[in-house]
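So the chains spell out like this:
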Amino acid sequence: MAPTKDPVTTPNGASTRTPAKKPANSAAKAPEKAKKTAGEKTPVKTKKRAPAKAPAVEFATYAKAPARTPPAEKSAPAEGRTPVKRRRKRHFPTVFSRLMVLFVVLAAMAGTMYALLRLMNGGAEAAQTAPTPKPTVQPVATEVPAPTPEPTPSDLPDVDLNSWELRLVRYEYPLGEDFAPPELVDVGDGQQMDSRVAPAAVQLIEDAKAAGNTVWVCSGYRDYDTQHIIYWNHIYEYTQEGMTEEEAHAKTRLAVNYPGSSEHQYGLSVDILEYNGQIMEPYICDEPLMVWLKEHCAEYGFVIRYPDNKTDITGVEYEPWHLRYVGTEAAAYMMEHDLCLEEFRQLYEP
Ligand SMILES: [Zn+2]
């Protein structure tokens, strides 16, 4: 928990600089305006309409039907006279093409209904026994209710969203000022974590080193007061630069969680860098350690909590160094499917 000397940019993870000056307006202004609507942007599940079954096939059936020759309207009895035949020949293509159009339309409608029925019954074998749709079938309603899509992947791990490993900690779901992990233990470089996850973190760090990386544990557990100081330091700096308070809160919260809602206070998160003083910006994701972390963290039950391109959901910018423990099963699933914790939890909600 030694105070660290960090670069100017100190994103979420850094337990960096101690406050030079304490902001005068600290506790008073909760960032109401800065309420990120992160949660609102949920991943959309697209419902696909069942494609109309190839009408061509259906059509072929009808096209062959000899009974469907155009009705002989007022045709004079065939007397073998050529003029009559010629006339009828001239008429035939028009009538036939109209019938074709009619058949195609009816077949398409029947095919669509048939496809929907098959989808709803879910039986592939039904295809063999299903009667050929007849063009005489009146499509009652064109707006057949779409079959419900299968929303839940069958390979979802059997986990409990209410377990401590999967607790969602963010502005909307704060821990509160008084929260502290049950027990804290060292994980290296003067940092601590919840004793339930510390062994996994230590193992990860050892293995990362064994793979040829240099590792510096930048930040583990942080108490409420430390988070408070880091947060309001940012606000102070940004307002000194000329931002309004609202702007300062909005910018700060992309990198530093609001006091009482930091995963570092939860004790399950750790920031890991290659060395003391490494810049904490998204672009270091290509550095060897960051690449290794992304590839292997799930093996130890950790995820990259704030992934790239998920800021609109997590509310926090990409932090390739910030690991959060969620358990090995959930971690494997989330990393494999490129899901952040918010998205993962949503898969279990009805
Ligand atoms: Zn962090």
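No experiment lies behind these values; they were computed from the predicted model shown.

A. Up close: the overall build of the protein chain. Tallying secondary structure elements over the protein chain gives 11 helices and six strands in all. Buried residues in the protein chain amount to 33% of all 350 residues. Within the protein chain, counting contacts between residues at least 6 apart in sequence, those at least 24 apart form 76% of the total.

B. The environment of glutamate 263, seen in detail. When you line up the elements, glutamate 263 lands in helix α7 (residues 263–266). As for glutamate 263 and proline 174, which are separated by 89 residues in sequence, their C-alpha atoms are 9.4 Å apart. If sequence neighbours within four positions are ignored, glutamate 263 has contacts with Val169, Leu268, Ser269, Arg305 and Arg324.

C. Structural view of the pairing of strand β2 (residues 191–194). Pairing analysis gives four bridges linking strand β1 (residues 184–188) to β2, with the strands arranged antiparallel. By the bridge assignment for β2, aspartate 186 is matched with glutamine 192. In this structure, the hairpin formed by β1 and β2 is closed by a connection of two residues, where aspartate 189 is found at a positive phi of approximately 55°.

D. Spotlight on the nonpolar core. Counting residues in hydrophobic clusters, the biggest one holds 47 residues, and the most contacted among them are Ala201, Ile272, Cys297, Phe302, Val303, Ala331 and Met334. Among the secondary structure elements, those contributing two or more residues to this core are α4 (198–210), β3 (216–219), β4 (269–273), α8 (288–296), β5 (302–304), β6 (322–325), α10 (328–336) and α11 (341–346). It is α4 that contributes the most residues to this core, six residues altogether. Residue contacts for alanine 201: discarding those within four places in its chain leaves Val187, Met193 and Val270. Counting residues in hydrophobic clusters, the runner-up holds 10 residues, among them Tyr171, Trp232, Ile235 and Tyr258.

E. Representation of unusual backbone geometry. The backbone of aspartate 189 shows a phi angle near 55°, a positive value even though the residue is not glycine. If you trace the backbone, aspartate 189 turns up in the loop between β1 and β2. Residue class for aspartate 189 comes out partly exposed when judged on the 18 C-beta atoms lying within 10 Å of it. A positive phi is found at asparagine 309, a non-glycine position, where the angle reads about 65°.

F. Quick look at α8. Burial in α8 covers these residues: Leu289, Met290 and Leu293. Burial along α8 is one-sided: seen end-on, the buried residues are contained in an arc of 100°. Residues of α8 that are buried make contact with α4, β4 and β6.

What counts, and at which threshold
Residues numbered from 1 in each chain as written. Predicted model: local features only at pLDDT ≥ 70, side-chain atom pairs only at ≥ 80, totals over all residues. Helix = DSSP H or I, 4+ residues; strand = E, 2+ residues; numbered from the N terminus. Buried ≥ 20, exposed ≤ 12 C-beta atoms within 10 Å, placed from the backbone. Contact = placed C-beta atoms within 7 Å. Pairing = 2+ DSSP bridges. Core = buried A, V, L, I, M, F, W, Y, C linked by C-beta atoms within 7 Å. Arc of directions from axis to C-beta.

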